Amino acid sequence: MTTMDSAWPEVNQVVKDKRHELILSGEDISQKITNSGLDKCIFGLQGLNYLNIHQTCLKEIPDEIGNLTNLTTLVLHSNKITKIPSAIKNLTKLKLLDCSRNMLENVPEELGDLPQLTTINFGSNLLTELPSQIHNIKLTSLDLSNNNFDTFPDVCYAELSNLAEIKINGNQIKQIPNTINILPSLKMLDLADNMITEVPGELADCKLKEVNLKGNILSDKRLFKLVDQCRTKQVLDYVRQNCPRASETPSHVIDKSKKSKKGRKSSESKTVIPPIEKCTHTLRITKVSEITPSIKITPEVKDVRPHILGCIIKNLKFTEDSFRKFIQLQTKLHEGICDKRNAATLATHDFNLIVPGDITYTAKLPNEIEIKPLMRNKSYTGAELFQQLQAEADKLRREKKRNVYSGIHRYLYLLEGKRKYPCVLDSSDQTISLPPITNSDITKASPSTSTIFIEVTSASSQQVCRNVLDLFLKELVTLGLGCAAEADKGDYYELLIEQVKVVDMDGNMKHVYPSRADLLFNGDDISVLRD
């Protein structure tokens, strides 16, 4: 193929080198897309088998994608894509499709008939459903984490004999289908942070090596504890022995008249619920007051990391141990529902150390930002901090002789190549947060902190921020981290939460959290009391 004069240099280079792969990423590519759209010459590269466009402002995939019939790998993560064209049906050789961390609300039915497809990743989007996958018989891995599903995806078919991994954590799934055991090769199932109350006994028939049910509202108290404390084998053993199957009569409707007196006495003693079982944890929500700071969001952050929510937690009393667990909970959420900070970042501050007044969420050039990062004894500009962390990461890599970063060094790639960095400022324009990397040491929470300001930011959606905050507050109160135990309620706790508004620079309200649409838990373990 000859060089195309009007094509982007990156495209021409592929032609010149006779390569079969094309990778486009970063601010320069975003600027080109903004100016004139995606280069249509890409879709004339018939020899391409690998196309990777990531971390750009790309919103739509052109229909011409169907021309690339030799593609085996299509990577489109971390863009702003809202739609996948039905022309994708032409990619009959496609094996891997990664559209994670975009803004997809639906996908075409044609995605249900790609005969060579082995891996689908739609993590961190806005999806509520997925076309039936019964015809994608080579599918081995499906990632739908951090979306808006309320029903399990349509994948429980014996035809999917290769499906080994399903990730659907961070959704609102209410039920696990009892046909889950029809998947003969399922080895890993992640259903953490959903709305599941019951687990079918059929789950124990699967050949699972790993199952994650943490963060659900399981009605079986023993199972609820097991999923947090035990390994997969112990959880499945319990499910096998105690959870009803579709063909069985649940134990609570068994006719007690057929039992012996001894058995009846035992059964009756178990069905009498002591007062403590009727108690609940309490989330007490107070409305925004005149002195509550608002979060002002500027236009500059719109194309960088546009979503933010926050709230204030009051009357906390930590011990050294409970504060350590509080920090561990944040780490757990960053690894789970936050998708290693790709979907969202959660930051906590000692509210009393923040300069009084409204908080501003904006984006600045790296050299214009100054922050004293957590656990550091000096201030850096955003550019200096990035360079310092990059140098530390390279040093660690050389010392350990492996490409594995630790701590906040793992998240540097989320800012790499960005023209502007998002930042959270107090009323004196002091930077208190540089998401998704670090907070300021100046507002660092400690065991003596009694009031905490929480902010969650996301490049994906406002709903992701809500999901993260919902789960964080739920975990805090159920674990009793810093919460007061309610009088005469044993191990049940109360958390006092004050709403925080997000407003534009003219003061018009955009969001408020927690609203009446937030913290809606189906279980009866948590009561939410609102002013």
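For the structure, check the block above.
Predicted model, so just to flag it, every value in this text is computed and none were measured.

### Things to note about the side chain of E498
In step 1: Summarising the element assignment, E498 is placed in strand β22 (residues 493-503).
In step 2: Look past the residues within four positions of E498 in its chain and what remains in contact with it is T286, K287, S289, T292, C311, I312, K314 and Y513.

### Re the pattern of salt bridges
In step 1: Counted by the stated rule, this structure contains 18 salt bridges.
In step 2: E64 serves as the salt-bridge partner of K40, at 3.6 Å between the closest nitrogen and oxygen. In this pair, K40 is assigned in the loop between α2 (27-36) and β2 (50-54) and E64 in the loop between β2 and β3 (73-75), connecting sequence segments 24 residues apart.
In step 3: Take E64: its relative accessible area is 30%, and that puts it in the partly exposed class.
In step 4: A salt bridge links D339 to R101; the nearest nitrogen and oxygen atoms lie 3.6 Å apart. Of this pair, D339 sits in the loop between α6 (320-335) and β13 (345-350) while R101 sits in the loop between β4 (96-98) and β5 (119-121); the two residues are 238 residues apart in sequence, bridging distant segments of the chain. R101 carries the same exposure label as D339, and that label is buried.
In step 5: A cluster of three or more residues bridged by salt bridges with shared partners is formed by K233, D237 and R240.

### Describing the sheet that holds β2
In step 1: One open sheet accounts for 9 strands, arranged β1-β2-β3-β4-β5-β6-β7-β8-β9; its pairing is parallel. Taken across any chain shown, the strands that pair with only one partner, and hence form the sheet edges, are β1 (21-25) and β9 (210-212). With strand direction ignored, the average angle separating the axes of adjacent strands in the sheet is 5 degrees.
In step 2: Note: strand β6 (residues 141-143) against strand β7 (residues 165-167), 3 bridges, orientation parallel. Residue pairing across strands places L142 opposite I166, the latter belonging to β7.

### Notes on unusual backbone geometry
In step 1: For the bond from P435 to P436, the omega torsion is 5 degrees, close enough to zero to count as cis.
In step 2: With an omega of -5 degrees, the peptide bond between Y513 and P514 qualifies as cis.
In step 3: By the secondary structure assignment, P514 is in the loop between β23 (509-513) and β24 (526-530).
In step 4: A positive phi angle is found at K18, which is not glycine, with a value near 55 degrees.
In step 5: By the element assignment, K18 lies in the loop between α1 (9-17) and β1.
In step 6: On the accessibility criterion, K18 (70% relative accessible area) is exposed.
In step 7: Even without a glycine there, the phi angle at L519 is positive, about 55 degrees.
In step 8: Turning to its location among the elements, L519 is positioned in the loop between β23 and β24.
In step 9: Taking the relative accessible area as the measure of exposure, L519 reaches 2% and is therefore buried.

### Side note on empty space enclosed by the protein
In step 1: For the structure shown, the criterion picks out 2 cavities of 30 Å³ or more.
In step 2: The space that makes up the largest cavity amounts to roughly 60 Å³.
In step 3: Considering the residues around the largest cavity, the lining is formed by L213, K214, G215, N216, F224, V227, D228, K332, K474, E475 and T478.
In step 4: Listing elements by their share of the lining of the largest cavity, those giving two or more residues are α3 (221-229) and α8 (462-479).
In step 5: Its residues placed into classes, the lining of the largest cavity shows 3 nonpolar, 3 polar and 5 charged.

Quick notes on the rules
Residues numbered from 1 in each chain as written. Predicted model: local features only at pLDDT ≥ 70, side-chain atom pairs only at ≥ 80, totals over all residues. Heavy atoms only, no water. Helix = DSSP H or I, 4+ residues; strand = E, 2+ residues; numbered from the N terminus. Contact = heavy atoms within 4.5 Å. Salt bridge = Lys/Arg side-chain N within 4 Å of Asp/Glu carboxyl O. Buried < 20%, exposed > 50% of the residue type's maximum accessible area, 1.4 Å probe, protein only. Pairing = 2+ DSSP bridges. Axes fitted to C-alpha atoms, helices over the stretch in contact; angles between N-to-C directions. 1 Å grid on protein atoms, 1.4 Å probe; cavity = no way out; pocket = protein on both sides within 12 Å on 5 of 7 lines; lining within 4 Å. Points joined across faces, edges and corners; volume = space filled by probe spheres on them. Nonpolar A, V, L, I, M, F, W, Y, C, P; charged D, E, K, R; others polar.

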